[in-house]
Amino acid sequence: MLDAVNLNIHSVLVDGISQPFDCDGEQLQVRLLNPTETGHDIKIAIAYSVEKPQRGLYFIGPDRHYPNKPTQAWTQGEDEDSRFWFPCFDYPGQLATSEIRVKVPKPLIAISNGELIATEEEGEFKIYHWLQQHIHPTYLMTLAVGDFAEIRDEWQGKPVTYYVEKGREEDARRSMGKTPQMIEFFSQKFGYPYPYPKYAQVCVDDFIFGGMENTSTTLLTDRCLLDERAAIDNQRTESLVAHELAHQWFGDLVVIKHWSHAWIKEGMASYCEVLWTEKEYGKDDAAYYLLGEARSYLAEDKSRYRRPIVTHVYREAIELYDRHLYEKGACVYHMIRTELGEELFWKTIQTFVGDNAHSTVETVDLLRAIEKATGRNLLFLFDQYVFRGGHPDYKVSYSWDGDSQLAKVTVTQTQAKADNNGSKSELFDLKIPIAFGYTQQDANSSVETFPDTSLLTFTVRVHQREQSFYFPLEKKPQFISFDRGNNYLKTVALEYPIPELKAQLKFDPDPVSRIYAAKALAKKGGLEAVNALSEALTGDAFWGVRVEVAKQLAEVKLDLVATALMAGLPDEDARVRRAVVEALSKIKTLESYEALKQLLAKGDPSYYVEASAANALGNLASGLLKTKENEVSQLLTDILRERAGWNEVVRSGAISGLSQMKSSPVALDVISEYTRPGIPQPLRLSAIRALGTISTGQTSNHIEWIVQQLEELSGETFFLTQVAVVSALGQMETVKAIGVLQSLSDQTPDGRVRRIAEEAIQKVQKNAGSEQAVKQLREEFEQLKKENQELKSRLENLEAKAKG
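Because the structure is a prediction, the values reported are computed rather than measured.

Novice: Would you mind going over the sheet that holds strand β28 (residues 491-495) with me for this structure?
Specialist: Strands belonging to one sheet form pairs held by backbone hydrogen bonds; the direction of such a pair is parallel or antiparallel. The 4 strands lie next to each other as β26-β22-β21-β28, forming an open sheet whose pairing is mixed. Taken across any chain shown, the strands that pair with only one partner, and hence form the sheet edges, are β26 (466-472) and β28. Averaged over all pairs of adjacent strands, the angle between their axes in this sheet comes to 20°, without regard to strand direction. For strand β21 (residues 393-401) and strand β22 (residues 406-413), the ladder comprises 8 bridges, and the chain directions are antiparallel. Of the residues in β22, the one forming a bridge with Val-396 is Val-411.

Here is the structure:
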């Protein structure tokens, strides 16, 4: 029995003898004339053909709307799509060698797994013969055909090649040029030299993933190729390259036995993004990257669903490929590293890879490797973070008793219900380090010393819903650092006094702890908090903290915040400037408006800063500065005409800005123009999504027209277009969107589209309840916020004068 979807099977031979067979459009069943024997190989030859496969193999070429699109063919097998272009056992636990001979018209070239063992000229055609001698699963078998430029590099004599559309050779070197260093890094870390005869990366058009780690031949979206300006503040490409390369060990060399255990490979590949960041940019960048991974998972857990990482409950395997699998998986690997320590962690990883090379694994095999390498049993960690859903939500408060020289720290696990003090299934049981910080070294104390800061650390077991811990200290600490190093996946709310939060923001060596302190300060609000945050915005040495401080300043509703944020606009790091721009979009004052308008007119070295400024102006004009709507509309329309560029980032920002002016028919008209075929794909997708955003403030006639437009667009088969349509419909507040979503869910062949369409239906049902009431409440709330902000500002000014 072989998987073979909509393939035309012409004949089946076993050892050269024709066999009877049945094919139902899903599977090929061969009725063997002679029974098989244990230990005896048989050779099956299947003659078949396929036209326009529904999935698995994709053909790209120019058409009347996009005459300059390149001619390409490429495959995408994961999860179970190889069956759409060749008969196979299409499941990860089945491993085999592979070989392919493909004839293509010149000057096209064909790249596949393994080694190129022969080429043949045949008139206007060329035959490429590739052989993959190491066993691997069918979802990693690949083919890419195109008129590519080939850029050659090497690692220890093995070819490392980059294939891109001709004319983008410099972008290829800029985007993938660190690959040999990455191969060396991972070979050393995993204790297993790169196992294949070559490593190729092929950038293809219209790719439906960011990247795919086919054995020895990774396919990447051509959207990852960076021009010189994009490289200023875009490290996503570097992370993508590291992620897919890491899969050559985790996923390709060591293969998952079942889809349920895909976190083993995806979690490690995602964690390798953190590891490479640490190696290339330092520990602070790595800590901030890991925080981003955690936040991605936490957002999905909060807004979509919660599930165990390892689960057998799914309709299609592709549904498992979510933020639980990738980002939470990365956090689990980091916690394993924390529990074991550096030396034993890498000993474990090397044991796991070495023992399971060219074979299949499941989660228990990782546990066995841990025990074999270290003697430790980490089942307690897996039980809490892998085999069940969720994470701890900590609330941490602190007080100091000067008479008895005792620090009291109370930790509450707020995810557990208070009525029964939390059931065992709700609580987490972890040993958490709590550190007390001093900004001056005491020569008589045994305190670990960091630059400018000394930390005294205690490790406590946190396993109840609420626990108070008492620490005898020689003197009052300046700050408290809960979960020193922030190595455990969690949320945390700090309820410390303002002096301790200010000290932590200024002196804690860990950037993530400083970020948590900034959030707690912003929540307290007031002039003292704004001054502390303002100082950090311009004074913190790490760009990631400055980014987060800008975000938190925007949460403090005082007029002087705008002035504080302005100080961050000249920041040397584009990522900080972008965060400041986005923060200013929430401060709806003329001062913010003029600053952003000037920035956009002048331009910025970063595409992303300009895009954020365009979006921010639209956001400002949509609220209390509605008198600026016509001016902003014209400005953003000019941007759309004049600032085409890399991946249409800036013009997409202008579209997003227009979509914020939700009641503007002019903005709707402009957006609709950019949904037409022929518009550059990234910009068109942004415009399609923007139809949903702007719909919530439009008239009923316009809303009906938007639904009709989206219904028409839903008929397009391209995956990214379908995702954009679902995104737009999911933002709407009319039940008329539900029918289109349901139809798309029923008809799409892609499980990912089906899943998000079903979720969008639920969202629309919820949003459509009381459209007008919500709009009225929103307007009243905006007015109240403005009046409250004015009152608080007056009060702060009076207090400042009184102190003066």
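Novice: Is there a simple way to explain the nonpolar core in this structure?
Specialist: As a rule of thumb, nonpolar side chains are buried together in soluble globular proteins. By size, the foremost hydrophobic cluster in this structure holds 243 residues, and its most contacted members are Trp-263 and Ile-336. Counting residues per element, this core draws most heavily on helix α17 (residues 607-621), at 10 residues. Non-local contacts of Trp-263, meaning those with residues more than four positions away in its chain, are made with Met-268, Ile-309, Val-310, Leu-325, Gly-329, Val-332, Tyr-333, Thr-363, Leu-366, Phe-382 and Val-386. Counting residues in each nonpolar core, the second largest holds 6 residues, with Leu-2, Leu-7, Ile-9 and Val-12 among its members.

Novice: In this structure, what is going on with the environment of Lys-502? I would like to understand it.
Specialist: Inspection of the secondary structure assignment puts Lys-502 in helix α10 (residues 498-507). Note: C-alpha distance between Lys-502 and Leu-533 (31 residues apart in sequence) is 8.5 Å. Apart from residues no more than four positions distant in its own chain, Lys-502 is found in contact with Leu-521, Glu-528 and Ala-532. There is a polar contact of 3.1 Å between the side chain of Lys-502 and the side chain of Glu-528.

Novice: Would you mind showing me how to read the packing of aromatic side chains here?
Specialist: For any pair of aromatic rings, geometry is given as the distance between the ring centres together with the angle between the planes. All chains considered together, the criterion is met by 34 aromatic pairs. Aromatic pair Tyr-194 and Trp-249: ring centres 5.8 Å apart, planes at 70°, arrangement edge-to-face. Here Tyr-194 is found in the loop between α2 (179-190) and β16 (199-204), whereas its partner Trp-249 is found in the loop between α3 (236-246) and β19 (254-256), with 55 residues between them in sequence. Note on Tyr-194: relative accessible area 2%, which makes it buried. According to the relative accessible area criterion, Trp-249 is buried, its value standing at 0%. When the ring of Phe-436 is compared with that of Phe-458, the centres are 6.0 Å apart and the planes differ by 70°; the resulting orientation is edge-to-face. Taken together, the residues span a long stretch of sequence, with Phe-436 in strand β23 (residues 430-438) and Phe-458 in strand β25 (residues 453-462) at a distance of 22 residues. Of the residues examined, Phe-436 reaches a relative accessible area of 0% and is grouped as buried. Positioned above the aromatic ring of Tyr-66 is the side chain of Lys-69, whose terminal nitrogen or guanidinium carbon lies 5.5 Å from the ring centre. Its guanidinium or amino end placed over the ring of Tyr-607, Arg-229 lies 4.2 Å from that ring's centre, counting from NZ or CZ.

Novice: Teacher, can you tell me more about unusual backbone geometry here?
Specialist: As a rule of thumb, non-glycine residues mostly have phi less than zero, and peptide bonds are mostly trans rather than cis. Look at the link from Glu-78 to Asp-79: it is a cis peptide, with omega at 10°. The topology assignment puts Asp-79 in the loop between β8 (72-75) and β9 (95-105). Between Lys-106 and Pro-107 the backbone carries a cis peptide bond, its omega angle lying at 5°. Looking at the secondary structure, you find Pro-107 in the loop between β9 and β10 (109-112). With phi around 60°, Asp-206 is a residue other than glycine that occupies positive phi space.

Novice: Mind showing me how you'd approach helix α12 (residues 527-539) here?
Specialist: Every α-helix winds through 3.6 residues per turn, so residues three or four apart in the chain are directed the same way. Relative to the 18 Å expected for 13 residues at 1.5 Å per residue, α12 spans 18 Å between its end C-alpha atoms, a close match to the ideal helical length. Taken as a whole, α12 has its buried residues at Ala-529, Val-530, Ala-532, Leu-533, Ser-534, Ala-536 and Leu-537.

Novice: Even after reading the chapter, I still don't get the state of the cysteines, so can you show me in this structure?
Specialist: Note on terminology: a disulfide is the covalent bond linking the sulfur atoms of two cysteines. One pass over the structure, following the stated rule, counts 0 disulfides. Of the cysteine sulfurs around Cys-88, a residue in no disulfide, the closest is that of Cys-23, at 12 Å. Summary of cysteine pairing: Cys-203 is not part of a disulfide, and the nearest cysteine sulfur, belonging to Cys-224, is at 4.3 Å. According to the relative accessible area criterion, Cys-203 is buried, its value standing at 2%.

Novice: What should I look at first to understand the pairing of strand β27 (residues 479-482) in this one?
Specialist: Along any regular strand the residues' side chains alternate between the sheet's two faces. Side chains Phe-479 and Ser-481 project from β27 onto one buried face, and the interleaved Ile-480 and Phe-482 project onto a second face that is buried too. Here 4 bridges tie β23 to β27, and the two strands are oriented antiparallel to one another. Counted as the bridge partner of Phe-436 is Ile-480 from β27.

Novice: Looking at this structure, how should I read the side chain of Thr-589?
Specialist: Relative to the helices and strands, Thr-589 resides in the loop between α15 (574-584) and α16 (590-602). Overall, Thr-589 belongs to the buried group, its relative accessible area being 18%. Engagement of the side chain of Thr-589 in a polar contact is seen with the side chain of Ser-592, the distance being 3.1 Å. Apart from residues no more than four positions distant in its own chain, Thr-589 is found in contact with Ala-562 and Leu-625.

Novice: Explanation requested: the environment of Pro-472 in the structure shown.
Specialist: Positionally, Pro-472 belongs in strand β26. Separated by 66 residues in the primary sequence, Pro-472 and Leu-406 have C-alpha atoms spaced 4.6 Å apart. With near-sequence residues (within four places) excluded, Pro-472 lies in contact with Gln-405 and Leu-406.

Novice: Any chance you could explain the sheet that holds β8 here in plain terms?
Specialist: Spatial ordering of the open sheet is given by β7-β8-β13-β10, a layout of 4 strands whose pairing is antiparallel. With one partner strand each, in any of the chains shown, β7 (57-60) and β10 form the two edges of the open sheet. Each adjacent strand pair in this sheet contributes to an overall mean axis angle of 15°, direction not counted. One ladder, built from 4 bridges, connects β7 with β8; its direction is antiparallel. Counted as the bridge partner of Leu-57 is Thr-75 from β8.

Novice: Whenever I open this one, the environment of Leu-291 confuses me. Can you help?
Specialist: Along the polypeptide, Leu-291 turns up in helix α5 (residues 283-303). It is 53 Å that separates the C-alpha atoms of Leu-291 and Glu-121, two residues lying 170 residues apart in sequence. Once residues lying within four places of it in the same chain are set aside, the contact partners of Leu-291 are Val-512, Ile-515 and Tyr-516.

Novice: Is there a simple way to think about the side chain of Gln-384 in this case?
Specialist: Its place among the elements puts Gln-384 in helix α9 (residues 379-385). A distance of 3.1 Å separates the side chain of Gln-384 from the backbone oxygen of Phe-380, its partner in a polar contact. With residues up to four places along the chain from it excluded, the contact list for Gln-384 reads Leu-427, Phe-428, Asp-429 and Leu-430.

Parameters and conventions
- Residues numbered from 1 in each chain as written.
- Predicted model: local features only at pLDDT ≥ 70, side-chain atom pairs only at ≥ 80, totals over all residues.
- Heavy atoms only, no water.
- Pairing = 2+ DSSP bridges.
- Helix = DSSP H or I, 4+ residues; strand = E, 2+ residues; numbered from the N terminus.
- Axes fitted to C-alpha atoms, helices over the stretch in contact; angles between N-to-C directions.
- Core = buried A, V, L, I, M, F, W, Y, C linked by side-chain atoms within 4.5 Å.
- Buried < 20%, exposed > 50% of the residue type's maximum accessible area, 1.4 Å probe, protein only.
- Contact = heavy atoms within 4.5 Å.
- Polar contact = N/O pair within 3.5 Å; in protein donor to acceptor, adjacent residues only side chain to side chain.
- Phe/Tyr/Trp six-rings, centres within 6.5 Å; stacked < 30°, edge-to-face > 60°.
- Lys NZ or Arg CZ within 6 Å of the ring centre and 35° of its normal.
- Expected span 1.5 Å × (residues − 1).
- Disulfide = S-S within 2.5 Å.

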